[in-house]
Number of protein chains: 2
Amino acid sequence: MSEIHYPAGIRPPKNNGDTLLKKQTKKPKSIASQKKIAPGNRGMAFEAAINESNAYYQEKGLCLVTKRPTPIKVVRVDYTKGPKITDAFYETQSTTDYNGVYEGHYIDFEAKETQSATSFPLANIPLQQIEHLEGVLAQGGIAFFLIRFAKKGEVFLLPASFLCSFYREKPRASIPYATFLEKGYPVKEGYHPRVDYLPVLIEAFAL
Amino acid sequence: MSEIHYPAGIRPPKNNGDTLLKKQTKKPKSIASQKKIAPGNRGMAFEAAINESNAYYQEKGLCLVTKRPTPIKVVRVDYTKGPKITDAFYETQSTTDYNGVYEGHYIDFEAKETQSATSFPLANIPLQQIEHLEGVLAQGGIAFFLIRFAKKGEVFLLPASFLCSFYREKPRASIPYATFLEKGYPVKEGYHPRVDYLPVLIEAFAL
């Protein structure tokens, strides 16, 4: 979701020490608790909202999309306790965060949130995600981005075909908000599902 | 791959101490080095062979299949060094290890190896993988298992529709080898790709 792939629930350090993480829960946070999330953590709230939406779609049998686990490079394991991992570090996701199936079609997407009100900086996207999505497109898969403008509270589905071309040609270092109005598809945010992207996806790709 | 999901390169403990893992390489192992792998580690060799085959297919533009990272539950992170994970443990994969796209079709599979020469024990498969694959089938995805009989040196593609029914009805606690000859599709093992499952998949599902 963010440039550094912390898994959901892991926050940037507040002190420079060893941080014991709170127990993670898969339940979506209440709207009240969302409002307390500091701006820097909103990317994680967006990720949680997409995970909740995927769970909703799965429960209703509408589509099946899973989040790839954050890849972790394990350096040391203590087998006397479990096994327990005692030394490891986060690796960059070499693909996208989400993929799945809708009526037989392969679906692949990445979700990003930006704090900019005017444009989406391409620096948010690692080259390997572009390469992965180009591979998906070459295999006839459905590939897109879900991009949230946090300050506007607006989410767009942007086809990967457009974003990958823009990335390669780089007419600008960021995609203007106005381009989203032209090339993207607005996605409604609500209560349940919180990011209702499936009807938009069906329309955008004429499925 | 095995009942406990150690990621590739992590071996069960030989001593009961803290084990520093060797640097992992994504290069496929040479045939000579494969022969040195102890029987208990053959599951990992099979996983490596499938990863190599997927890399081969991707390079040739034939299909795009990725391995989901092993999910790891992070308990403690030391932000003074990186961030560096200092306490974590392996979680069970709630889906399958592999999914991807072939000519727009969603593909999802699990790879397993058995040391039994006579049957494949269902105890090798967690219930959540069955549930996941049933979800994939309900969405019109292509779902199967690649199962290797280590002692025979034979690999079969077995459609998930058959295996899930067998699992639910449980006429036996394991699927006899003879049933693989009847319901499965033999997959050739070779040098490059090492597990050439794509043509078998195309034939089995009439793609």
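Residues numbered from 1 in each chain as written. Chains lettered and ligands numbered in written order. Predicted model: local features only at pLDDT ≥ 70, side-chain atom pairs only at ≥ 80, totals over all residues. Heavy atoms only, no water.

Participant: Explain the overall build of chain A to me, please; I cannot follow it from the model alone.
Facilitator: A count of helical and extended segments in chain A gives six helices and 11 strands. Put simply, chain A has 207 residues, and 52% of those count as buried. Long-range contacts, defined here as pairs at least 24 residues apart, represent 66% of the contacts in chain A between residues at least 6 apart. (Helix = DSSP H or I, 4+ residues; strand = E, 2+ residues; numbered from the N terminus. Buried < 20%, exposed > 50% of the residue type's maximum accessible area, 1.4 Å probe, protein only. Contact = heavy atoms within 4.5 Å.)

Participant: Got a minute to help me understand the packing of aromatic side chains in this structure?
Facilitator: In this description, a pair of aromatic rings is defined by centroid distance and the angle of the planes. Residues and elements named next belong to chain B. By the definition in use, this model includes 29 aromatic pairs over all chains. Ring geometry for F120 and F180: centres 6.4 Å apart, planes at 80 degrees, overall edge-to-face. Within this pair, whereas F120 is found in strand β7 (residues 119-121), its partner F180 is found in helix α5 (residues 177-183), the two being separated by 60 residues in sequence. Residue F120 is classed as buried on the basis of its relative accessible area of 0%. Geometrically, the ring pair formed by F144 and Y197 is tilted, given 6.3 Å between the ring centres and 50 degrees between the ring planes. Of this pair, F144 sits in strand β8 (residues 142-149) while Y197 sits in the loop between β11 (185-187) and α6 (198-204), and the two are 53 residues apart along the sequence. Its relative accessible area of 0% is what places Y197 among the buried residues. (Phe/Tyr/Trp six-rings, centres within 6.5 Å; stacked < 30°, edge-to-face > 60°.)

Participant: Explain the pairing of strand β9 (residues 154-159) of chain A to me, please; I cannot follow it from the model alone.
Facilitator: Working note: regular strand, side chains alternate between the two faces of the sheet. Residues and elements named next belong to chain A. A large share of β9 lies buried, amounting to five of its six residues. Here six bridges tie strand β8 (residues 142-149) to β9, and the two strands are oriented antiparallel to one another. When the sheet's bridge partners are listed, F144 is paired in β9 with P159. Hairpin geometry of β8 and β9 is characterised by an intervening segment of four residues between the two adjacent antiparallel strands and by a positive phi of about 65 degrees at G153. (Pairing = 2+ DSSP bridges.)

Participant: Can you walk me through the environment of Y106 of chain A in this structure?
Facilitator: Among the structural elements, Y106 of chain A can be located in strand β6 (residues 105-114). Y106 of chain A gets classed as buried once you look at its relative accessible area, which sits at 2%. Contact partners of Y106 of chain A, with chain neighbours within four places excluded, come to R68, N99, G100, H132, V136, G141 and I142 of chain A together with G100, V101, G104, H105 and Y106 of chain B. One polar contact links Y106 of chain A to N99 of chain A, side chain to side chain, over a distance of 3.0 Å. (Polar contact = N/O pair within 3.5 Å; in protein donor to acceptor, adjacent residues only side chain to side chain.)

Participant: Quick question: what am I supposed to make of the nonpolar core here?
Facilitator: Across soluble globular proteins, you tend to see nonpolar side chains buried next to one another. Core analysis: the largest hydrophobic core is formed by 46 residues, its most contacted members being L163 and F180 of chain A together with L163 and F180 of chain B. Excluding residues within four positions of it along the chain, L163 of chain A makes contact with I125, I130, F145, I147, L158 and I175 of chain A. (Core = buried A, V, L, I, M, F, W, Y, C linked by side-chain atoms within 4.5 Å.)

Participant: Honestly, helix α4 (residues 160-169) of chain B in this entry has me stumped. Any pointers?
Facilitator: An α-helical segment advances 3.6 residues per turn. Residues three or four places apart therefore align on the same side. All names here are of chain B. Those residues of α4 lying buried are A160, L163, C164, F166 and Y167. Viewed along the axis of α4, the buried residues span an arc of 160 degrees, placing them on a single side of the element. Residues of α4 that are buried sit in contact with α3 (127-138), β8, β9 (154-159) and β10 (174-176). Where α4 ends, the next residue or the one after it, K170, has phi of about 40 degrees, a positive value. (Arc of directions from axis to C-beta.)

Participant: Please explain the state of the cysteines as it appears in this structure.
Facilitator: Disulfides are covalent bonds that connect the sulfur atoms of two cysteines. Tallied over the entire structure, the rule returns zero disulfides over all chains. No disulfide involves C63 of chain B; its nearest neighbouring cysteine sulfur is the one of C164 of chain A, lying 19 Å away. (Disulfide = S-S within 2.5 Å.)

Participant: How should the packing of helix α3 (residues 127-138) of chain A against helix α4 (residues 160-169) of chain A be read in this particular structure?
Facilitator: The packing of two helices is summarised by the inter-axis angle and the distance between the axes. All names here are of chain A. Direction vectors running N to C along α3 and α4 enclose 135 degrees, while the axes themselves pass 10 Å from each other. When the axis of α3 is compared with that of α4, the two are oblique. The chirality of how α3 crosses α4 is left-handed. Of α4, the residues touching α3 (which contributes L127, I130, E131, L133, E134 and L137) are A160, S161, L163, C164, Y167 and R168. Looking at the contact of α3 with α4 residue by residue, the class counts come to eight nonpolar, one polar and three charged. (Axes fitted to C-alpha atoms, helices over the stretch in contact; angles between N-to-C directions. Parallel < 35°, antiparallel > 145°, perpendicular 65-115°, else oblique. Left-handed = near helix turned anticlockwise from the far one by under 90°. Nonpolar A, V, L, I, M, F, W, Y, C, P; charged D, E, K, R; others polar.)

Participant: Quick question: what am I supposed to make of the pattern of salt bridges here?
Facilitator: Pairing is possible between side chains that carry opposite charge, provided their charged atoms lie close to one another. On inspection of all chains with the given rule, the structure shows 14 salt bridges over all chains. A salt bridge links K84 of chain B to D87 of chain A; its shortest N-O distance comes to 4.0 Å. Here K84 of chain B is found in strand β4 (residues 84-90), whereas its partner D87 of chain A is found in strand β4 (residues 84-90) on a different chain. Residues E113 of chain B and R148 of chain B are paired through a salt bridge, measuring 2.5 Å at the closest nitrogen-oxygen approach. Separated by 35 residues along the polypeptide, E113 of chain B in strand β6 (residues 105-114) and R148 of chain B in strand β8 bring together distant segments of the chain. Neither E113 of chain B nor R148 of chain B differs from the other in exposure class; each is buried. (Salt bridge = Lys/Arg side-chain N within 4 Å of Asp/Glu carboxyl O.)

Participant: Honestly, unusual backbone geometry in this entry has me stumped. Any pointers?
Facilitator: Trans peptide bonds make up most of the peptide bonds, and negative phi angles are found at most residues other than glycine. Residue and element names in this part refer to chain A. With an omega of 10 degrees, the peptide bond between H192 and P193 qualifies as cis. Along the chain, P193 falls in the loop between β11 (185-187) and α6 (198-204). With phi around 40 degrees, K170 is a residue other than glycine that occupies positive phi space. Along the chain, the position of K170 falls in the loop between α4 and β10 (174-176).

Participant: Help me understand the pairing of β4 of chain A in this model?
Facilitator: In terms of residue burial, β4 of chain A counts as a mostly covered element, since five of its seven residues are buried. As defined by bridge partners, strand β3 (residues 72-78) of chain A adjoins β4 of chain A across six bridges and the pair is classed as antiparallel. Across the sheet, the residue bridging to D78 of chain A is K84 of chain A, located in β4 of chain A. Hairpin connection from β3 of chain A to β4 of chain A: five residues lie between these consecutive antiparallel strands, with G82 of chain A at a positive phi of about 140 degrees. Examined bridge by bridge, β4 of chain A and β4 of chain B share two bridges and lie antiparallel to one another. Along β4 of chain B, the bridge assignment pairs I85 of chain A with A88 of chain B.

Participant: I keep staring at the side chain of T114 of chain A and nothing clicks. Help me out?
Facilitator: All names here are of chain A. Relative to the helices and strands, T114 resides in strand β6. In this structure T114 comes out as buried when scored by relative accessible area, which is 4%. Of the polar contacts made by the side chain of T114, one reaches the backbone nitrogen of S116; its length is 3.1 Å.

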